[in-house]
Amino acid sequence: QVQLVESGGGLVQPGGSLSVSCAASGSIFSINTMGWYRQAPGKQRELVATITRGGSTNYADSVKGRFTISRDNAKKTVYLQMNSLKPEDTAVYYCYAEVVGAGTPSLYGNYWGRGTQVTVSS
């Protein structure tokens, strides 16, 4: 009943910028924390950034000052603006959301998007 669909991603040169977005849909009462994770080849999935419904953000040290997470609660969408990209940012970026489902009983669950590839290379 809940789906997360990422948009964006692609190939960008080092130092460039890219923006990805993720829209949630389905039987949703509210969304608490949303965020982005990424997984590079040969590495474990790692947290990139999170944002609460009220707008409080948290970033991995590796992306602080370069990435900005934001959200539009009305659109049930989370965004990630990535600037000053480095080759080590290359990864599949996954959206997630902590969702309170609509209806009865009230259910809580974590949902993941399929991911979008971000490649930083010259």
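Just above, that's the structure.
This paragraph deals with the state of the cysteines. Counting across every chain of the model gives one disulfide. Covalently, Cys 22 is tied to Cys 95 through a disulfide, its sulfur atoms 2.1 Å apart. Disulfide Cys 22-Cys 95: the torsion about the S-S bond is -80 degrees, which places it as left-handed. Placement of the pair is Cys 22 in strand β3 (residues 18–26) and Cys 95 in strand β9 (residues 91–101), with a sequence separation of 73 residues. As far as burial versus exposure is concerned, Cys 22 and Cys 95 are alike and both buried.

This brings us to the packing of aromatic side chains. Two aromatic rings, taken as a pair, are described by how far apart their centres are and by the angle between their planes. Counted under the stated rule, the structure contains three aromatic pairs. Ring centres of Tyr 37 and Tyr 96 lie 5.2 Å apart, and the angle between their planes is 75 degrees; on these two criteria the pair is classed as edge-to-face. Of this pair, Tyr 37 sits in strand β4 (residues 28–39) while Tyr 96 sits in strand β9, and the two are 59 residues apart along the sequence. An aromatic cluster of at least three residues, connected via ring pairs, comprises Tyr 37, Tyr 96 and Trp 112. Just above the ring of Tyr 94 sits the side chain of Arg 45; from NZ or CZ to the centre is 3.7 Å. Arg 45 extends its terminal NZ or CZ atom over the ring of Trp 112, reaching a point 5.0 Å from the ring centre.

Turning our eyes to something else, we now look at the pairing of strand β11 (residues 116–120). Of the two faces of β11, only one is covered, namely that formed by Thr 116, Val 118 and Val 120; the face formed by Gln 117 and Thr 119 stays uncovered. Two strands pair when backbone bridges link them, and strand β2 (residues 10–12) and β11 are joined in this way by three bridges, in the parallel orientation. By the bridge assignment for β11, Leu 11 is matched with Thr 119. Pairing of β9 with β11, which is carried by three bridges, proceeds in the antiparallel orientation. When the bridges of β11 are listed, Ala 91 appears paired with Val 118.

The antiparallel open sheet is built from four strands, whose spatial order is β1-β3-β8-β7. Two strands close off the open sheet at either side, each with one partner strand: β1 (2–8) and β7 (67–72). Averaged over all pairs of adjacent strands, the angle between strand axes in this sheet comes to 15 degrees, irrespective of strand direction. Bridging between β7 and strand β8 (residues 77–82) involves six bridges; their strand directions are antiparallel. Following the sheet pairing, Thr 68 is matched in β8 by Gln 81.

Taken as a whole and judged by the stated rule, the model has four salt bridges. Its salt-bridge partner being Asp 89, residue Arg 38 comes within 2.9 Å of it at the nearest N-O pair. Within this pair, whereas Arg 38 is found in strand β4, its partner Asp 89 is found in the loop between β8 and β9, the two being separated by 51 residues in sequence. As far as burial versus exposure is concerned, Arg 38 and Asp 89 are alike and both buried. The partner of Lys 64 in a salt bridge is Asp 61, with the nearest N and O atoms 3.1 Å apart. Beyond isolated ion pairs, a larger network of salt bridges with shared partners links Arg 38, Glu 46, Arg 66 and Asp 89.

Here is what the cut-offs are and how they apply
Residues numbered from 1 in each chain as written. Predicted model: local features only at pLDDT ≥ 70, side-chain atom pairs only at ≥ 80, totals over all residues. Heavy atoms only, no water. Disulfide = S-S within 2.5 Å. Helix = DSSP H or I, 4+ residues; strand = E, 2+ residues; numbered from the N terminus. Buried < 20%, exposed > 50% of the residue type's maximum accessible area, 1.4 Å probe, protein only. Phe/Tyr/Trp six-rings, centres within 6.5 Å; stacked < 30°, edge-to-face > 60°. Lys NZ or Arg CZ within 6 Å of the ring centre and 35° of its normal. Pairing = 2+ DSSP bridges. Axes fitted to C-alpha atoms, helices over the stretch in contact; angles between N-to-C directions. Salt bridge = Lys/Arg side-chain N within 4 Å of Asp/Glu carboxyl O.

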